[in-house]
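Given next are the chains, with one letter for each unit.
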Amino acid sequence: MKSSLKLSALALLMSATAALAEYPEKPVEFVVPFPPGDLEDVVTRMIADKFQEMYGVPAAVVNKPGGGGGPFPGAVEVAGAEPDGYTVGSFVIDVPVVGPMIGIPELADNPFDPVGIFLTYPFVIATLESQPYDTWEELAAYGAENDVSLGHYGSFLAPTQVTFAAAQKTGWDFSSEAAFDLLDCNVLASGDVDVVNATLQTLLPCIDDLKILASIGEERTPLTPDTPTVAEIEPDLTLALWNGLFVPAGTPQEARDKIEAAAKAALETEAAQTLSRETGVQLYWKDAAQAAAQIEADTAVNAQIQDLLK
């Protein structure tokens, strides 16, 4: 009897191990909670393509923009998925750093495991060439006496909060603000807003018609090396704007390892390196432990920004 029980237990263990070893055995979704076209979408598609090439199963990017809700509706869908490696979130800093703070129950208790961080955005604050200010300091002087509107991806998001805080610390405030699914040349050309905070990727088609007033991040963007960062203007506002891969908490390690291997391989391709040269995006790989440390550090900075904006 004991022998039979041991054999049954062994059979179950071998069955479970075999099932895990088969990952992936069905299509994998990489969820990008923004519209197609921006850097997180472009690079995640490279990762999905490499995953499909390496493991022989379909892998696709699914765009789930959240409108004024930013990336959070898409993140909630990933949080509710089975922790089996078949749903992967490609998330900006705001999902793990801001999400737990804004009252969304599904995001409150750290529902994700980081796989790794793979890019830092060339994020900028930009306006039309025709506007009467050329620098952040000139914008601040103008904004103290005139109405200035801001276009952003969501009022709770890190780049928006940094921009609000920078205005406050330099003695003025935006008269109005609005959230967009995509911030591109048309938003400024239409006159919907006066200033946008967006990635250079969506503004490159009209870059010659724009002024870049500041960049958001730890370093100046390679395509605008003469433009200071917000952190140079206000050192308390040093926050990196990155994107990484996340899975529902409890996803098997083997699945995370295979996702990581595909991501690292994709970042080494010539297509990825060309994208970096052309757009100024910084591409690299920070593993799960490094990503967790980054999230902890950014959460502390974000808390300081929230205190400032109270």
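Residues numbered from 1 in each chain as written. Predicted model: local features only at pLDDT ≥ 70, side-chain atom pairs only at ≥ 80, totals over all residues. Heavy atoms only, no water.

Colleague: Sorry if this is basic, but what is going on with the overall build of the protein chain here?
Modeller: Of the regular secondary structure elements, the protein chain holds twelve helices and eleven strands. The C-alpha atoms of the protein chain give a radius of gyration of 21 Å, which matches the 19 Å a tight globule of 310 residues would have. Each of the three principal axes of the protein chain carries a C-alpha extent, and together these read 85 × 40 × 30 Å. The protein chain carries 15 positive and 45 negative side-chain charges, and their two centres are separated by 13 Å. (Helix = DSSP H or I, 4+ residues; strand = E, 2+ residues; numbered from the N terminus. Rg over C-alpha atoms; globule rule 2.2 N^0.38 Å. Lys, Arg positive; Asp, Glu negative; His and termini not counted. Charge placed at Lys NZ, Arg CZ, Asp CG, Glu CD.)

Colleague: Help me understand the sheet that holds strand 9 (residues 210–216) in this model?
Modeller: Two modes of strand pairing occur in sheets, parallel and antiparallel, and in both the strands are linked by backbone hydrogen bonds. If you trace the five strands from one edge of the open sheet to the other, you get 7-6-8-5-9, paired in mixed fashion. Single-partner strands in this sheet number two, and they are strand 7 (176–179) and strand 9. Ignoring strand direction, the axes of neighbouring strands in this sheet form an average angle of 25 degrees. Relative to strand 8 (residues 195–199), strand 6 (residues 149–152) runs parallel, the two sharing two bridges. If you follow G151 over to strand 8, its bridge partner there is V196. In the packing of helix 6 (residues 158–169) onto the sheet, the strands contacted are strand 5 (123–128), strand 6, strand 7, strand 8 and strand 9, and the crossing angle to strand 6 comes to about 160 degrees. (Pairing = 2+ DSSP bridges. Axes fitted to C-alpha atoms, helices over the stretch in contact; angles between N-to-C directions. Contact = heavy atoms within 4.5 Å.)

Colleague: What am I meant to see in the side chain of H152 here?
Modeller: Looking at where H152 falls in the secondary structure, it is placed in strand 6. According to the relative accessible area criterion, H152 is buried, its value standing at 1%. Engagement of the side chain of H152 in a polar contact is seen with the side chain of E177, the distance being 2.6 Å. Once you skip the residues sitting within four places of it in the chain, H152 turns out to touch T160, F164, E177, A178, A179, F180, L183 and N197. (Buried < 20%, exposed > 50% of the residue type's maximum accessible area, 1.4 Å probe, protein only. Polar contact = N/O pair within 3.5 Å; in protein donor to acceptor, adjacent residues only side chain to side chain.)

Colleague: Explanation requested: the nonpolar core in the structure shown.
Modeller: A general trend in soluble globular proteins is that nonpolar side chains are found buried together. The biggest cluster of nonpolar side chains holds 97 residues, and the ones touching the most others in it are F30, F51, F112, V196, L245 and I259. The residues contacting V196, other than those within four sequence positions of it, are V124, I125, A126, L150, G151, L183, V187, L188 and L203. (Core = buried A, V, L, I, M, F, W, Y, C linked by side-chain atoms within 4.5 Å.)

Colleague: Would you mind going over helix 2 (residues 39–55) with me for this structure?
Modeller: For an α-helix, the turn length of 3.6 residues means that residues three or four places apart are oriented alike. With 17 residues, helix 2 should cover 24 Å at 1.5 Å per step; its first-to-last C-alpha distance of 24 Å lies within 8% of that length. By the burial criterion, the buried members of helix 2 are L39, E40, D41, V43, T44, M46, I47, A48, K50 and F51. Phi turns positive one or two residues past the end of helix 2, at G56, with a value near 75 degrees. (Expected span 1.5 Å × (residues − 1).)

Colleague: Where do I start with the pattern of salt bridges in this structure?
Modeller: It is possible for side chains of opposite charge to pair when their charged atoms get near one another. The tally for this structure, following the rule as stated, stands at ten salt bridges. Of the charged contacts in the structure, one is a salt bridge between R45 and D41, with a shortest N-O distance of 3.0 Å. Of this pair, R45 and D41 both sit in helix 2, four residues apart, which is roughly one turn of the helix. Given the relative accessible area of 3%, D41 is considered buried. When the shortest N-O distance is used, the salt bridge between K64 and E77 registers 2.5 Å. Of this pair, K64 sits in the loop between strand 2 (59–63) and helix 3 (72–79) while E77 sits in helix 3, and the two are 13 residues apart along the sequence. (Salt bridge = Lys/Arg side-chain N within 4 Å of Asp/Glu carboxyl O.)

Colleague: Help me understand helix 5 (residues 136–143) in this model?
Modeller: All of the buried residues in helix 5 are W136, L139, A140 and G143. Projection of helix 5 onto a plane perpendicular to its axis shows the buried side chains occupying an angular sector of 100 degrees, all on one side. Next to the buried residues of helix 5 lie strand 5, helix 6, strand 8, strand 9 and helix 9 (230–233). (Arc of directions from axis to C-beta.)

Colleague: Help me understand the sheet that holds strand 4 (residues 112–120), please; the structure alone is not making it clear to me.
Modeller: Pairing in this open sheet of six strands is mixed, and the strands run 2-1-3-10-4-11 from one edge to the other. One side of each edge strand has no neighbouring strand; the edge strands of this open sheet are strand 2 and strand 11 (282–286). Ignoring which end each strand starts from, the neighbouring axes of this sheet average 25 degrees apart. As defined by bridge partners, strand 4 adjoins strand 10 (residues 242–248) across seven bridges and the pair is classed as antiparallel. Residue pairing for strand 10: G116 is matched across the bridge by L245. Docked against the sheet, helix 2 engages strand 1 (28–32), strand 2, strand 3 (87–92), strand 4, strand 10 and strand 11, running at close to 160 degrees with respect to strand 2.

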